[in-house]
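Read off the chains here:
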Amino acid sequence: MKMENGSAILEDSNVRQFFEETLGDEGIKIIHTLIGRDATDESIAEELGIKLNLARKILYKLYDYRLASYARTKDKDIGWYIYTWTLNLPRVRDVIIERKKRVLDDLSSRLDYETNTVFFSCTNDRFRIPYDIASEREFRCPQCEGTLEFSNNQVVVERLESEIAKLQDEIEKPSSDAFSASRMQ
Ligand SMILES: [Zn+2]
């Protein structure tokens, strides 16, 4: 059951993209070796032929996202601690949704700012500032002293609105379809 579940999740293009961005190829290899079984960081590094430090770095990243946990036991012969790792892969969908929500908050703040601000921009270098500052500077560009003119931000507003709508849709309907559709853009 666990094995089936894990592999299916990794087929989701959005999940793969998330792991590629946050953990890289080595991270995906580590996830594959941990599907359906627990393993120590040392055995994972050895199996994959990667440095132990790199394996640990990736495992602790997974731990930070609460996508993996470890059990610490003491090896009686050598007296060292051994860390045995377990994946919690189904949580990745929540992690991805949380990330999308943070992006959504950021875009919403930007949209607020764009819709509540009148902008002026320089006819030379397109440097853009809010009306209040432009007025204080007597409509001269702070960079080049060029003329500042009213700047229509309708295109920016529309782009933000469509990005927000797309994200809201993905957050409400986190199906594989929505994931792959967002990836294609
Ligand atoms: Zn200028």
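Residues numbered from 1 in each chain as written. Predicted model: local features only at pLDDT ≥ 70, side-chain atom pairs only at ≥ 80, totals over all residues.

**Student:** Just checking my understanding: could you explain the overall build of the protein for this structure?
**Tutor:** Of regular secondary structure, the protein possesses eight helices and six strands. Secondary structure elements of the protein, listed N to C terminal, follow the sequence α-α-β-α-α-β-β-α-β-β-α-β-α-α. The C-alpha atoms of the protein give 24 Å as radius of gyration, which overshoots the globular expectation for 185 residues (16 Å, by more than 25%). If you line up the protein on its principal axes, its C-alpha atoms span 80 × 35 × 25 Å. By residue count, 17% of the 185 residues in the protein fall in the buried class. In the protein, once contacts between residues fewer than 6 apart in sequence are set aside, the share between residues at least 24 apart is 53%. (Helix = DSSP H or I, 4+ residues; strand = E, 2+ residues; numbered from the N terminus. Rg over C-alpha atoms; globule rule 2.2 N^0.38 Å. Buried ≥ 20, exposed ≤ 12 C-beta atoms within 10 Å, placed from the backbone. Contact = placed C-beta atoms within 7 Å.)

**Student:** I'm lost on the domain arrangement of the protein in this one. Help?
**Tutor:** Interfaces are frequently sized by the accessible area removed from exposure as the parts join. Partitioning the protein into domains gives domain 1 (2–92) and domain 2 (94–184). Its C-alpha centre places domain 1 at a distance of 38 Å from the equivalent point of domain 2. (Domains from an automatic or database assignment.)

**Student:** Would you explain the sheet that holds strand S4 (residues 119–122) in this entry?
**Tutor:** Picture the strands of a sheet paired through backbone hydrogen bonds; they go either parallel or antiparallel. The three strands are arranged S5-S4-S6 in an open sheet whose pairing can be described as antiparallel. In this open sheet, the two edge strands, each paired with only one partner strand, are strand S5 (128–130) and strand S6 (148–151). Strand-to-strand twist across the sheet, computed as the mean angle between neighbouring axes with direction ignored, equals 40°. Across three bridges, S4 lies against S5 in antiparallel orientation. Note on S5: the bridge partner recorded for Phe-120 is Ile-129. (Pairing = 2+ DSSP bridges. Axes fitted to C-alpha atoms, helices over the stretch in contact; angles between N-to-C directions.)

**Student:** Got a minute to help me understand the confidence of the model for the protein in this structure?
**Tutor:** In this model, the protein carries a mean pLDDT of 91, and residues with pLDDT of at least 70 account for 90%. S4 holds the highest mean pLDDT among the elements of the protein, 98, whereas helix H8 (residues 176–184) holds the lowest, 48. Segment residues 180–185 is flagged for pLDDT under 50; beyond a separation of four residues in sequence, or across chains, it makes six contacts in the model. (pLDDT = per-residue confidence, 0-100.)

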